[in-house]
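Structure assessment
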Amino acid sequence: MMSDTGGGHRASAQAIAAALKQVSPDVETEVVDAIQEVSPFWRAVVGLYGPIIRAAPWLWGMLFKVFGGGGGAWLWGITARVVAWTVRGRLVPYVDRKHPDVLCSTHPLINQIAQTGRERYARERGRRLPLVVVVTDPVTFHPSWIEPRADLTVVATVEARDAAVRYGADPAKVRVLGLPIRPDFAGAEGVARDENAERREARASLGISTDASVVLITGGGEGLATLPEVVDAVLALPGAPVVLAVAGRHERTLQRLKERMDAISSGRLLPFGFTDKMGTLMRACDVIVTKAGPGTMFEAMALGLPMVIMGALPGQEAGNVELVVKDNLGRVAMGGPHDVARAVQDVLAHPEERAGMARRAQQRATPHAALGIARALLARGATPSPDEDRDMKAAG
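Relative orientation of the contacting elements helix H15 (residues 294–302) and helix H16 (residues 318–327) amounts to 25 degrees, with a least axis distance of 11 Å. On the basis of their axis angle, the class for H15 and H16 is roughly parallel. Where H15 crosses over H16, the two elements pack in a sense that is left-handed. Contacts between H15 and H16 involve Pro294, Met297, Phe298 and Met301 from the former and Asn320, Leu323 and Val324 from the latter. Residue classes in the contact of H15 with H16 are distributed as six nonpolar, one polar and no charged.

In structure tokens, the structure reads:
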């Protein structure tokens, strides 16, 4: 269960679903926008996330602080209960239609809805459904992610585990398994990757020379209005790097990039909108310029790709920036397009240091996290725990 706010929640859910099929081919999986299916009204409210982070990220930072600091967790708890209360009559029929063995949430607003739904289902149908929450923010995250009654809470890092316990999770029900990324980024479990061959193949598919310096610049799933200016600054670097620019859902930005592409006859700029080719684009490049979104970061880390962080959403992405700095996985350049270009040039000019960044990134990434999460979900569905048996009896 996810909600389409940004690209990360759906991507994480799809990664887990793909891993489930890989671990157990006979398993039936369904990735659903649960908020949309249960309440189009709340889906419209949640849909404000994209416009807010594009037009007024400071507002999102303020909301994160209000709901996440001091008495914010209490305030959020009331909000989540109100949301769950408004859809309470739809939850049991919804679960009846899906008839799952395990519920898995990759979105914080869904956790309370799922908890309310499974409580009613146990009372009315006499069947208890395990709930697993997968937190898709790897370091800094909002208290709303924690549903203390969940059977299992999966986090990406030790830092996130500490935060989960601080926010009320039972330490015995928190597991550090990594951030789930899609199999095309992780590669086959237990099989060594030939990174040079992957790079050659990716570049050939894009029509890029194997000798070129290639920079991937992405504004995330929701896009970034200032992306063309960053692209211009990187294109102006010595050495004539090739730039792969991903505009995401930001149509105006994509149009501006296409206009620049037409003006550059050398083929040094390749623009993309919201794309399913990120694995190919990442394998083709030497460095990625990105916001500190967790999905893109951990995909890049799994591929051993040095990063230049050009921006971060206030609140939840602050810890991601700290991770890059602390582990020396790349550079942080939030001072505008020319600051980004200088950082890119620094990374490109030092191949030995770039190799060290790549090595450390892969060590931190846990690329096969989705498989570990899949196995945990299957275990939950196969054998009720003593707590589950006791709760079933209490439910009648």
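A few words now on the pattern of salt bridges. Within the structure shown, the criterion is met by 23 salt bridges. With a closest N to O distance of 2.9 Å, Glu159 and Arg364 form a salt bridge. Placement of the pair is Glu159 in helix H9 (residues 158–166) and Arg364 in helix H18 (residues 351–365), with a sequence separation of 205 residues. Ionic pairing is found between Arg193 and Glu198, a salt bridge with its closest N-O pair at 2.7 Å. Taking relative accessible area as the criterion, Arg193 reaches 24% and is therefore assigned partly exposed. In the salt-bridge network here, residues are joined through shared partners; they are Glu159, Lys326, Asp327 and Arg364.

Spatially, the four strands line up as an open sheet ordered S1-S2-S3-S4, and their pairing is parallel. The two strands at the open ends of the sheet, each matched to only one other strand, are strand S1 (103–105) and strand S4 (174–176). The sheet shows a mean angle of 20 degrees between the axes of neighbouring strands, taken without regard to direction. Here three bridges tie strand S2 (residues 131–134) to strand S3 (residues 152–155), and the two strands are oriented parallel to one another.

Calculation notes
- Residues numbered from 1 in each chain as written.
- Predicted model: local features only at pLDDT ≥ 70, side-chain atom pairs only at ≥ 80, totals over all residues.
- Heavy atoms only, no water.
- Axes fitted to C-alpha atoms, helices over the stretch in contact; angles between N-to-C directions.
- Helix = DSSP H or I, 4+ residues; strand = E, 2+ residues; numbered from the N terminus.
- Parallel < 35°, antiparallel > 145°, perpendicular 65-115°, else oblique.
- Left-handed = near helix turned anticlockwise from the far one by under 90°.
- Contact = heavy atoms within 4.5 Å.
- Nonpolar A, V, L, I, M, F, W, Y, C, P; charged D, E, K, R; others polar.
- Salt bridge = Lys/Arg side-chain N within 4 Å of Asp/Glu carboxyl O.
- Buried < 20%, exposed > 50% of the residue type's maximum accessible area, 1.4 Å probe, protein only.
- Pairing = 2+ DSSP bridges.

In short, the description is geometric, and any link to function would need to be established separately.
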